[in-house]
Amino acid sequence: MNISFCFSFKNYNKNRIHSARGVKDVEITLDGFMIFKGEISQACGNITATNDPSAYGETILFTTEDEILEKISTYDEMYVDQETTQNDEENIRTNTNRPPTAGTDIRPMTRAMLRRPFTALRSSNSNKVPEYYGKKLILTITETWGDQHYCGLTGIEVVDINDVDCVIQSYDARPRDITILPKNTNDVRTLDKLFDGENITCDDHHMWLCPFSKNEKIRIIISLNASKRLHGLRIWNYNKSLDDAYRGVKRLHVQLNDKIVSPRQGFLLRRAPGHCFFDFAQEIVFAHAKTMHENSQKKQPLATNHDIESDISMPNGFIYEFQLHSTHGDAYYIGLNGLEFYDENGECIGLTEQNIAAYPHSVNSLNPGRDDDVRTPDKLIDGENDEIDGTHCWIAPILANAINRIFVIFDRPTSVSMIKIWNYAKTPNRGVREFSLLVDDLLVWTGILDNMNENDDTEVPFNTILFSDERILTEHEKQTVLENKSSTDNISSQTSSRDRSVDYSQRPTTSVPRNNKRR
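What counts and what doesn't
- Residues numbered from 1 in each chain as written.
- Predicted model: local features only at pLDDT ≥ 70, side-chain atom pairs only at ≥ 80, totals over all residues.
- Heavy atoms only, no water.
- Pairing = 2+ DSSP bridges.
- Helix = DSSP H or I, 4+ residues; strand = E, 2+ residues; numbered from the N terminus.
- Axes fitted to C-alpha atoms, helices over the stretch in contact; angles between N-to-C directions.
- Phe/Tyr/Trp six-rings, centres within 6.5 Å; stacked < 30°, edge-to-face > 60°.
- Buried < 20%, exposed > 50% of the residue type's maximum accessible area, 1.4 Å probe, protein only.
- Lys NZ or Arg CZ within 6 Å of the ring centre and 35° of its normal.
- Salt bridge = Lys/Arg side-chain N within 4 Å of Asp/Glu carboxyl O.
- Polar contact = N/O pair within 3.5 Å; in protein donor to acceptor, adjacent residues only side chain to side chain.
- Contact = heavy atoms within 4.5 Å.
- Patch = residues over 30% accessible without salt bridge, like charges linked within 9 Å, V, L, I, M, F, W, Y side chains within 5 Å.
- Areas by Shrake-Rupley, 256 points an atom, 1.4 Å probe, with all protein chains shown as cover.
- Lys, Arg positive; Asp, Glu negative; His and termini not counted.
- Charge placed at Lys NZ, Arg CZ, Asp CG, Glu CD.
- Core = buried A, V, L, I, M, F, W, Y, C linked by side-chain atoms within 4.5 Å.
- pLDDT = per-residue confidence, 0-100.

### Overview of the sheet that holds strand β19 (residues 394-397)
Here is step 1: The four strands are arranged β19-β16-β21-β24 in an open sheet whose pairing can be described as antiparallel. With partners counted over all chains shown, the strands left at the sheet margins are β19 and β24 (462-466), one partner each. Across the sheet, the mean angle separating the axes of adjacent strands is 30° when strand polarity is ignored.
Here is step 2: Direction of pairing for strand β16 (residues 333-342) relative to strand β21 (residues 418-423): antiparallel, over a ladder of six bridges. What sits directly across from Gly338, in β21, is Trp422.

Below you can see the structure in the form of structure tokens.
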């Protein structure tokens, strides 16, 4: 009887676009018994982007015996032992934005690459595969978001394969925290704050801060109460304020027991927003480490170069923020029917509730503690964009001296070639008129949305924000492209465009209850 301790898959790798044709979901059975069910990595799309063989596929292990793993690493180039010291700068510039497929104005009908919930990376049967099994974690910080003297975090959770927070037995850090400095001996930003459970906050009494130097690495050591099969980490970056968010961690290397599970350049952490308009937790999934090829140039100015075929105008970032400045007439409420995001290849990005947030959250925010109205942010990405009865849309109150915002949040930098927006249809004058789009706090778009025709109750029209070449568009979509207004086009702010004499105490009530009976 032959015994197999691992399988190595080399996925389809013709080029970056066609690598999406590779296998994603795999089931392996042995004599009719399921021994693996899960995902394998997408190939990187070329042979020059990386020297890491694991960038071309996946190794599935069925053992944790060190002696066997050592023999596997000798004969299988896909199994990479990364115990040696990694050079953080070596592969930081391994990926650039690619243009969408040329030569056609019809977007291929392909399935969207859905962003999986944290709990669905492996099925329950895959618990038999101890790929990330251990008790001791060492987190090494090598870079902040810009601060040269301090680095910090708000919270850390270690998550097992059942999406359960692991019990932490002990923790330490080197250096431990800010109190090692003579002038900060009584500072409250100590290591224990990382594990106090107060993570969605701007109060630095619930944050950890530590001296930082580029020449010295900071290590956080976490010991669990027992060895666990792990999915990854939830991390809340340093969030005291927008300016202080640059003290947050940018590059994080993760070691589980004696194995490094992060990519060579480390996991790229998202900078905290500097506010608490949404839960800014970032999910660091160990299984994603082999397929991370980040674009280090995402902060470069965004501009279209018409002299070359490659399109460099696509924004790339973690947080896409819509600022909604005015409506088509209503002074009390503002809303949208739907949003769709498309990746650099012109394919729709599958969004889940974890990707969407709004401030104010919804009309329910007028009655704290209640959630009776169905028009919440998740309806923006449910795919039901043509409904006019209000059951598949989002609406929120307009508040004095506040800007309504919608956030589309990614755990990894994401390039976007096109965004479709369906305006509010139930009461058209509550639809968005003037808006701005920011990507990681950089303004990339200002424009005006069309309102819904009250006499057309058959289909809700959409507008398109295009960051790429028109070749990715269908003929119909070309008629919907918005014009990007410059700052000189006098796009007004929400607070200045509204009627300052509005008495918000006279706000009319509006409701679409969850039983779908309107009133």
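Next comes the rest of the write-up.
### A word on the packing of aromatic side chains
Here is step 1: Applying the stated criterion across every chain yields a total of twelve aromatic pairs.
Here is step 2: Relative to Phe407, the ring of Phe278 lies with its centre 4.8 Å away and its plane at 50°, an arrangement referred to as tilted. Note that Phe278 is positioned in the loop between β13 (267-268) and β14 (282-285) and Phe407 in strand β20 (residues 404-415), a separation of 129 residues in sequence.
Here is step 3: Residue classification places Phe407 among the buried positions, given a relative accessible area of 1%.
Here is step 4: Within the aromatic cluster, the residues linked to one another by ring pairs are Tyr320, Phe322, Phe341, Phe410 and Phe435.
Here is step 5: When the ring centre of Trp145 is taken as reference, the NZ or CZ atom of Lys250 above it lies at 4.7 Å.

### Remarks on the sheet that holds strand β18 (residues 356-359)
Here is step 1: Taken in spatial order, the five strands line up as β18-β20-β15-β22-β23 in an open sheet, and their pairing is antiparallel. Each edge of the open sheet carries a strand with a single partner, namely β18 and β23 (442-448). The mean inter-strand angle of the sheet, taken between neighbouring strand axes irrespective of direction, is 20°.

### Remarks on the pattern of salt bridges
Here is step 1: Going through the model one piece at a time under the given rule, you end up with 20 salt bridges.
Here is step 2: In this structure, Asp165 engages Arg234 in a salt bridge whose closest nitrogen and oxygen atoms are separated by 3.6 Å. Placement of Asp165 in the loop between β7 (150-160) and β8 (168-174) and of Arg234 in strand β10 (residues 218-237) is noted, with a sequence separation of 69 residues between them.
Here is step 3: Residue classification places Asp165 among the partly exposed residues on the basis of a relative accessible area of 38%.

### So, the side chain of Arg189
Here is step 1: Within the secondary structure, Arg189 sits in the loop between β8 and β9 (208-211).
Here is step 2: Among the residues examined, Arg189 registers a relative accessible area of 12% and is labelled buried.
Here is step 3: At 2.8 Å, the side chain of Arg189 forms a polar contact with the side chain of Asp187.
Here is step 4: When residues no more than four places from it in sequence are discounted, the contact partners of Arg189 are Asp177, Ile178, Asp204, Met207, Trp208, Leu209, Tyr238, Lys240 and Arg247.

### A word on a negative patch on the surface
Here is step 1: Taken together, the side chains of Asp382, Glu384, Asp386, Glu387 and Glu459 present a region of like negative charge at the surface.
Here is step 2: On the secondary structure map, Glu384 appears in the loop between β18 and β19.

### Considering the nonpolar core
Here is step 1: Grouped together as the largest cluster of nonpolar side chains are 34 residues, with contacts concentrated most on Trp208, Ile220 and Leu233.
Here is step 2: For this core, the elements supplying multiple residues, two or more each, are β6 (133-144), β7, β9, β10, β11 (249-256) and β14.
Here is step 3: Counting residues in each nonpolar core, the second largest holds 33 residues, with Trp394, Ile406, Val416 and Val439 among its members.

### Focus: the confidence of the model for the protein chain
Here is step 1: Mean pLDDT for the protein chain: 78, with 74% of residues reaching 70 or above.
Here is step 2: Low pLDDT, under 50, characterises residues 119-130; the predicted model gives this stretch 29 contacts beyond four residues in sequence or across chains.
Here is step 3: Contacts for the low-pLDDT stretch residues 293-311, under 50 throughout, to residues beyond four places or in other chains number 44 contacts.

### Concerning the pairing of β6
Here is step 1: Of all the twelve residues making up β6, nine are buried; the element is thus mostly covered by neighbouring parts of the structure.
Here is step 2: Note that β6 and β10 share eight bridges and pair antiparallel. Paired with Thr140 across the bridge in β10 is Arg219.
Here is step 3: Looking at chain direction, β6 and β11 are connected through seven bridges and run antiparallel. Its bridge partner lying in β11, Leu139 is registered against Val254.

### Section: a positive patch on the surface
Here is step 1: A cluster of basic residues, Lys136, Arg174, Lys217 and Arg219, forms a positive patch at the surface.
Here is step 2: Mapped onto the elements, Arg219 comes out in strand β10.

### Brief notes about the environment of Asp343
Here is step 1: With respect to the secondary-structure elements, Asp343 resides in the loop between β16 and β17 (349-350).
Here is step 2: Note: C-alpha distance between Asp343 and Ser415 (72 residues apart in sequence) is 5.8 Å.

### Side note on the side chain of Ser436
Here is step 1: For Ser436, the location among the structural elements is in strand β22 (residues 434-439).
Here is step 2: There is a polar contact of 2.8 Å between the side chain of Ser436 and the side chain of His325.
Here is step 3: If we skip the residues at most four places from it in the chain, Ser436 touches Glu321, Phe322, Gln323, His325, Leu443, Trp445 and Thr446.

### Some words on the pairing of β23
Here is step 1: Judged from the six bridges that link them, β22 and β23 form a sheet pairing that is antiparallel. Paired with Ser436 across the two strands is Thr446, which belongs to β23.
Here is step 2: Two successive antiparallel strands, β22 and β23, enclose a turn made up of two residues, where Asp440 displays a positive phi of approximately 50°.

### Details of the environment of Pro508
Here is step 1: Along the polypeptide, Pro508 turns up in the segment after α3 (494-497).
Here is step 2: When the C-alpha positions of Pro508 and Tyr333 are compared, they lie 9.4 Å apart, and in sequence the two are 175 residues distant.

### Regarding the environment of Cys348
Here is step 1: Along the polypeptide, Cys348 turns up in the loop between β16 and β17.
Here is step 2: Residue classification places Cys348 among the partly exposed residues on the basis of a relative accessible area of 27%.
Here is step 3: On a C-alpha basis, the gap between Cys348 and Val416 in space is 9.6 Å, while along the polypeptide they are 68 residues apart.

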